[in-house]
Amino acid sequence: MIRPHDSAIVRTLGRIVIPVAQLFGFYVLVFGQFGPGGGFVGGVVIAASMILAILIFGIDSPDSTMARNILHGDGLGLLIFAGVGGLCMIGGGQFLNYTYLQIPNLDQASQHFIGIMLTQIGVAVDVAVTGVSIAISLSFDDDEIPQDEGTHG
Amino acid sequence: MSSHLPILLFLVPFVMGVSMPILAAKRRSWCQHLTLGTFGLMLILSMVNLQVVLTEGPIEYAFGGWAVPVGIGWLDDPLAAIVILTLSFVSFISIIYGRVVVSSKLEKNVQYYTLILILVSGLVGVVFAADLFNVFVFLEVAALTGYALVGAAGGKSLVYALRYLLLGSFGATLYLLGLSHLYVATGTLNMADIALVLPGLMTSTAVAAGLIYIFLGLSIKMALIPLHSWLPDAYANAPSSVTPLLASTVTKVALLAWVRIEYSLITPGVEVSHVPVLVLLEEIGVFAALIGGALALIQTDIKRMFAYGGISHIGLILIGVSLGNATGFVGGMFYLINDAVMQAALFMIAGAVLHYYRASTLEQLRGVGRKSPWLTAALVVVAVAMVGLPPTGGFFGKWNIILGALEAQHYFAAFAVIASTLLTLGYFLRIFACWFHQPASVEFKPIEISKSMRISLGTICVSMIVLGLMSDSIFQFLLASVASGGA
């Protein structure tokens, strides 16, 4: 069981660090095509920021809304990944062959860019969801996790 | 479109598994039907796949359009195609059977069905994967879902699931260590590519160590004696509804992964520091077949007995594929397909007896035979197949393994196959002695066997006989595929 932290220093710093960490995670995700980084690392950083929110403000607080809601997206990242691959197959290429990604009015470089970007976003979503759900399942009993009517159970 | 069949076979259960929490969020009772439909679709696709592979030759699938040594490739050859067909068939039948015996807690549990679907998609990945790292990834996908499914019954099964997890993760780590050795030595992970480079490197200690690590890691996954200790407890306590699927597929697919590595990397007669590798593997198989059969003979719990029976058959298959000739190899592979079906049937019967009569030990089985003709008929057919009598597929597999052993003049291996057959006969006689025996104290009430149970038991028994009748054509195309170099 994690209780909200009552130290003013921690709470204030948390308010500064969490947005910066989320922005950095997003940067790592997008920058992955040009340098070190990518979906997995970006997802981990974003998950860390949300776990930080849970640790500082508690799971019930409005500041942890994103961490609570992201648990419902557990299959979403994989669906994005498989969906992009499937679109390439519908276009006539192999699974994940971005040359055949069917998006009108795009040259080949942009097709590859969009394709890899979307799959990386898919990876990031799943890594973030997994990170948050590991943290939550290790630190709370089942009945302590606030849930909306049984969509995730 | 036919060139996309391998990835479609993977995506169908995978996408369904992932979207199950969304599709069945409001109506939990849909889970079962959706899963059944998915496996039905998979069954049709795998039949088409087998047809395409047999008429047009193996499909090599390059992901993202990158050619194989650089990119990731899947290989869909006749062996893979028929194993996938077996896998889809067993999954489909297991779900029909699961409708009867599934506990009320799991019946409408979304995660349970998601895990089954992802388990099957992981196994499909292992069968198709043409490079060592992909095999590792998909083995772990299948293993992780397997651990969760073993523990899904709750209670005591969680302990055995944890033990399975620890041992399985140890095996996966060994496999990864071995594959990194091979990667350092050869600079590639693609099996066909490694096979080109490796013959000149057999004197290297790193390669030998890598192969040993890979073999040990996969031995844990395939429950090869003496690394089998996780299996009997895990399968005896896992939910009855999913044990047929787990027992028939997980260990067999791990064995298939090893067979592919062995077949492409270890040529007959190769020696590492004067040890003939294939003969060593064959001796390990002999050991596993005999010890597994003997351990099955002394069990009193029927699920554990069947689990040990499966362990001894892993040894038999290993003997077949390690003989170094095509007859033994094809016999081993055919027996692998048969064994998948037989294990599914055995655990279905064990689960059905537990469900209808609350009987799990030999003592409690007394007199069941008089009350349930359906279960008795199924048990007789499975026993005939397990012992290996002619109309069933089990006979033709064992026959070819023995022929292969005689051809290689390894008489001890041929003797071991026959001895393990006798041990199999021994433990089935023990079951029959109790099955048909007049009950000592309790009289069972006659129980109506439900329609799903009849369909699943009937289909799986027919399939064992059909495998026997079709054995010749299956041997022909497996032999052709071995002769052409792919396996």
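Residues numbered from 1 in each chain as written. Chains lettered and ligands numbered in written order. Predicted model: local features only at pLDDT ≥ 70, side-chain atom pairs only at ≥ 80, totals over all residues.

A.B. asks: Hey, could you run me through the environment of Met117 of chain A in this one?
C.D. replies: Counting through the fold element by element, Met117 of chain A comes out in helix α5 (residues 108-139). For the pair Met117 of chain A and Leu29 of chain A, spaced 88 residues apart in the sequence, the C-alpha separation amounts to 8.6 Å. (Helix = DSSP H or I, 4+ residues; strand = E, 2+ residues; numbered from the N terminus.)

A.B. asks: Honestly, the pairing of strand β2 (residues 73-76) of chain B in this entry has me stumped. Any pointers?
C.D. replies: Strand residues, when the strand is regular, have side chains that alternate between the two faces of the sheet. Residues and elements named next belong to chain B. With burial as the criterion, each face of β2 is covered, one bearing Gly73 and Leu75 and the other bearing Trp74 and Asp76. Where strand β1 (residues 59-62) and β2 come together, 4 bridges link them in antiparallel fashion. Within the sheet, the bridge partner assigned to Glu60 lies in β2 and is Leu75. (Buried ≥ 20, exposed ≤ 12 C-beta atoms within 10 Å, placed from the backbone. Pairing = 2+ DSSP bridges.)

A.B. asks: Before we go on, may I ask you to explain helix α1 (residues 8-31) of chain A in this structure?
C.D. replies: An α-helical turn contains 3.6 residues, so a residue and the one three or four places further along point in the same direction. All names here are of chain A. Helix length check: α1, at 24 residues, gives a terminal C-alpha distance of 34 Å against a target of 34 Å (1.5 Å per residue), a fit within 8%. At Gly14, α1 shows its strongest bend, of approximately 30°. Among the residues making up α1, those that are buried are Gly14, Gly25, Val28 and Leu29. Each element contacted by the buried residues of α1 is listed here: α2 (39-57) and α5. (Expected span 1.5 Å × (residues − 1). Bend = angle between axes of the 7 residues up to and from the residue. Contact = placed C-beta atoms within 7 Å.)

A.B. asks: Teacher, can you tell me more about the interface of chain A and chain B here?
C.D. replies: A common measure of how large an interface is: the accessible area buried when the components associate. Tallying the contact residues gives 13 residues for chain A and 15 residues for chain B. When grouped by side-chain class, the residues that make up the side of chain A that touches chain B number 6 nonpolar, 6 polar and 1 charged. (Nonpolar A, V, L, I, M, F, W, Y, C, P; charged D, E, K, R; others polar.)

A.B. asks: Whenever I open this one, the confidence of the model for chain A confuses me. Can you help?
C.D. replies: Predicted coordinates in regions of low pLDDT should not be interpreted in detail. All names here are of chain A. Confidence in the prediction for chain A averages 82 pLDDT; 92% of positions are at 70 or higher. Per-residue pLDDT, averaged within each element of chain A, yields its smallest value for helix α3 (residues 65-70) (78) and its largest for α1 (91). Taken as a whole, residues 148-153 scores under 50 in pLDDT and shows 5 contacts with residues more than four places along the chain or in a different chain. (pLDDT = per-residue confidence, 0-100.)

A.B. asks: Explain the nonpolar core to me, please; I cannot follow it from the model alone.
C.D. replies: Within soluble globular proteins, side chains that are nonpolar generally end up buried alongside one another. By size, the foremost hydrophobic cluster in this structure holds 218 residues, and its most contacted members are Ala345, Ile349 and Val382 of chain B. At 20 residues, helix α14 (residues 326-357) of chain B tops the list of elements feeding residues into this core. (Core = buried A, V, L, I, M, F, W, Y, C linked by C-beta atoms within 7 Å.)

A.B. asks: Help me out: how do you make sense of the environment of Ile449 of chain B in this one?
C.D. replies: Residue and element names in this part refer to chain B. On the secondary structure map, Ile449 appears in the loop between α18 (411-435) and α19 (451-469). The partly exposed category is assigned to Ile449, around which 16 C-beta atoms lie within 10 Å. Residues Ile449 and Val286, spaced 163 residues apart in sequence, show a C-alpha to C-alpha distance of 40 Å. Not counting residues within four places of it along the chain, the set of residues in contact with Ile449 comprises Ser372, Trp374 and Arg454.

A.B. asks: Help me understand unusual backbone geometry, please; the structure alone is not making it clear to me.
C.D. replies: Leaving glycine out, the prevailing phi sign among residues is negative, and the prevailing peptide bond configuration is trans. Residues and elements named next belong to chain B. Looking along the chain, the bond that leaves Ile225 and enters Pro226 is cis, with omega of 10°. Structurally, Pro226 is set in the loop between α9 (205-222) and α10 (230-237). Positive phi outside glycine occurs at Arg358, with the angle close to 55°. Residue classification places Arg358 among the exposed positions, given that 10 C-beta atoms sit within 10 Å. Of note in this structure, Gln409 is not a glycine but carries a positive phi near 60°. If you trace the backbone, Gln409 turns up in the loop between α17 (393-407) and α18. C-beta crowding within 10 Å serves as the criterion here: with 8 such atoms nearby, Gln409 is assigned to the exposed category.

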